[in-house]
Amino acid sequence: MKEIESKMIYEFENHSLYYEGKIDETPTFSLMVDTLELEIDKKNGRLLSIQGFLPLVNAIHTTILMKDYEEGSFYLEKDHIDWYQENQVYDLLSKIPEIQEYFAPLIIKYDEEKGIIQLGTDLDVQDILTKVNENIFCGTDEYMKLKCIYVVPSEFRS
């Protein structure tokens, strides 16, 4: 496995979210939530990155308050990893229908001042927020189902 540190860029000109300088030879598959691709490690089900088309034009512009978080990773259930083929893309909601209540229809919020993008519903007091890396935070409900994703790009470009 070859990994190189990269930074997440949000490009306003074409509404894209991507990594600059990313090289990673880990076998992966992807889950799509709307027009965003969640790249998952095929070996262990760990969320590695998020990229894709994300127009913030229709986002709800608001203040986003993130609760306290714990450092860690976000993993798919191990039982489900065998369902996926390497280098394939799958629809998140059809593969994990139990999270539709949180992601359908997709709610996108954007806090311009803090540079935070929220996908999914707000977290409740009992929910857990995990910092996957500097750019990705995953919120789960009390049953560990994905409820929201906070994306914090390293840089916004016009």
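Look up: the structure comes first, before these words.
Residues numbered from 1 in each chain as written. Predicted model: local features only at pLDDT ≥ 70, side-chain atom pairs only at ≥ 80, totals over all residues. Heavy atoms only, no water.

**Q** Sorry, what's going on with the sheet that holds strand E15 (residues 146–151) here?
**A** Where strands meet in a sheet, backbone hydrogen bonds hold them as pairs that are either parallel or antiparallel. Spatially, the 7 strands line up as an open sheet ordered E8-E11-E12-E15-E14-E13-E9, and their pairing is mixed. Single-partner strands in this sheet number two, and they are strand E8 (60–61) and strand E9 (70–71). (Pairing = 2+ DSSP bridges. Helix = DSSP H or I, 4+ residues; strand = E, 2+ residues; numbered from the N terminus.)

**Q** How should the pairing of strand E2 (residues 7–11) be read in this particular structure?
**A** Every regular strand shows the same layout, with side chains that alternate between the two sheet faces. Among the 5 residues of E2, 4 are classified as buried, and the element is accordingly described as predominantly covered. Here 5 bridges tie E2 to strand E3 (residues 16–20), and the two strands are oriented antiparallel to one another. If you follow Met8 over to E3, its bridge partner there is Tyr19. The pairing of E2 with strand E16 (residues 155–157) spans 3 bridges and is parallel. Considered in E16, the bridge of Glu11 is made with Arg157. (Buried < 20%, exposed > 50% of the residue type's maximum accessible area, 1.4 Å probe, protein only.)

**Q** Explanation requested: the packing of aromatic side chains in the structure shown.
**A** Applying the stated criterion across every chain yields a total of 9 aromatic pairs. Between the aromatic rings of Tyr10 and Phe12, the centroid separation amounts to 4.9 Å while the plane-to-plane angle is 70°, which identifies the pairing as edge-to-face. For Tyr10, a relative accessible area of 0% corresponds to the buried category. A centroid spacing of 4.3 Å and a plane angle of 5° characterise the contact between Phe29 and Tyr84, whose relative ring orientation is stacked. Note that Phe29 is positioned in strand E5 (residues 28–33) and Tyr84 in the loop between helix H1 (78–81) and strand E10 (89–91), a separation of 55 residues in sequence. (Phe/Tyr/Trp six-rings, centres within 6.5 Å; stacked < 30°, edge-to-face > 60°.)

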